[in-house]
Amino acid sequence: MQLDPSNPVVALCIEGMQQEGVPGAARRCFERAWELRADDVDASIAAHFLARQQETPDEALAWNQRALDHARAAPAEKVRLFMASLHLNLGDSLLATGDARAAREALVKAREWFDVLPADGYSALVARGIEGLGARLQSIRTDDEGVDRKTSL
């Protein structure tokens with residue numbers, strides 16, 4: 001499945017990625033993409049990129065959750081190749097906000113969805129992200145009361 005670069009949301013997200021080194025420029029592209037969303041697939045894509053532009057972990061978490069929620073509402077065949085990445089990003093945000101338990105659950109889902117990806121550069125990128133989140137979560141253990149504690153390595 002390829003994204004259609006003639007789709008205005010996709011085109012704006014591509015433009016935004018090219019502008020990520022210019023303060024505010026990328027965010028404006030992604031916000032415009034969000035405004036132009038026509039369906040849940042568009043919304044998921046725009047929300048994914050908006051999550052990357054947020055100033056706080058809580059704001060990024062909200063956008064990553066929104067991206068995943070819209071993907072879940074879309075036809076599965078249109079988003080199946082995004083799902084591993086969306087769960088991974090949600091897990092990263094959950095860990096950044098201190099919820100290691102939920103981050104572990106998101107990591108499990110990311111690993112489950114990873115199996116649908118073809119072996120290519122994108123899947124290699126997602127695999128590195130999954131490995132990285134897994135490594136960060138290994139340094140945190142959950143005690144009997146469900147409280148996450150950092151362990152020394």
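Predicted model only: the values in this text are computed from it and were never measured. (Residues numbered from 1 in each chain as written. Predicted model: local features only at pLDDT ≥ 70, side-chain atom pairs only at ≥ 80, totals over all residues. Heavy atoms only, no water.)

Caption draft 1: Broad picture of the packing of aromatic side chains. Applying the stated criterion across every chain, the model contains 2 aromatic pairs. Residues Phe 30 and Phe 49 carry aromatic rings whose centres are separated by 5.1 Å and whose planes lie at 25 degrees to one another, so their mutual orientation is stacked. One end of the pair, Phe 30, is in helix H2 (residues 25-36); the other, Phe 49, is in helix H3 (residues 40-51), with 19 residues separating them in the sequence. Residue class for Phe 49 comes out buried when judged on its relative accessible area of 11%. Aromatic side chains Trp 34 and Trp 63 sit 4.9 Å apart centroid to centroid with 90 degrees between the ring planes, which places their arrangement in the edge-to-face category. (Phe/Tyr/Trp six-rings, centres within 6.5 Å; stacked < 30°, edge-to-face > 60°. Helix = DSSP H or I, 4+ residues; strand = E, 2+ residues; numbered from the N terminus. Buried < 20%, exposed > 50% of the residue type's maximum accessible area, 1.4 Å probe, protein only.)

Caption draft 2: Focus on helix H7 (residues 100-114). With 15 residues, H7 extends 20 Å from end C-alpha to end C-alpha; this agrees with the ideal 21 Å at 1.5 Å per step. Along H7, the residues classified as buried are Ala 100, Ala 102, Ala 103, Ala 106, Leu 107 and Ala 110. Projected down its long axis, H7 carries its buried residues within an arc of 150 degrees, all on one side. (Expected span 1.5 Å × (residues − 1). Arc of directions from axis to C-beta.)

Caption draft 3: Quick peek at the pattern of salt bridges. Considering all chains together, one arrives at 6 salt bridges under this definition. Linking Asp 69 and Arg 72 is a salt bridge whose minimum nitrogen-to-oxygen distance equals 4.0 Å. Here Asp 69 and its partner Arg 72 are both found in helix H4 (residues 57-73), 3 residues apart, which amounts to about one turn of the helix. Where Arg 136 meets Asp 92, a salt bridge forms, and the shortest distance between an N and an O atom there is 2.2 Å. With a gap of 44 residues between them, Arg 136 in helix H8 (residues 121-138) and Asp 92 in helix H6 (residues 83-96) connect regions that are remote in the sequence. With relative accessibility at 40%, the residue Arg 136 sits in the partly exposed group. The exposure class assigned to Asp 92 is partly exposed, which follows from its relative accessible area of 27%. (Salt bridge = Lys/Arg side-chain N within 4 Å of Asp/Glu carboxyl O.)

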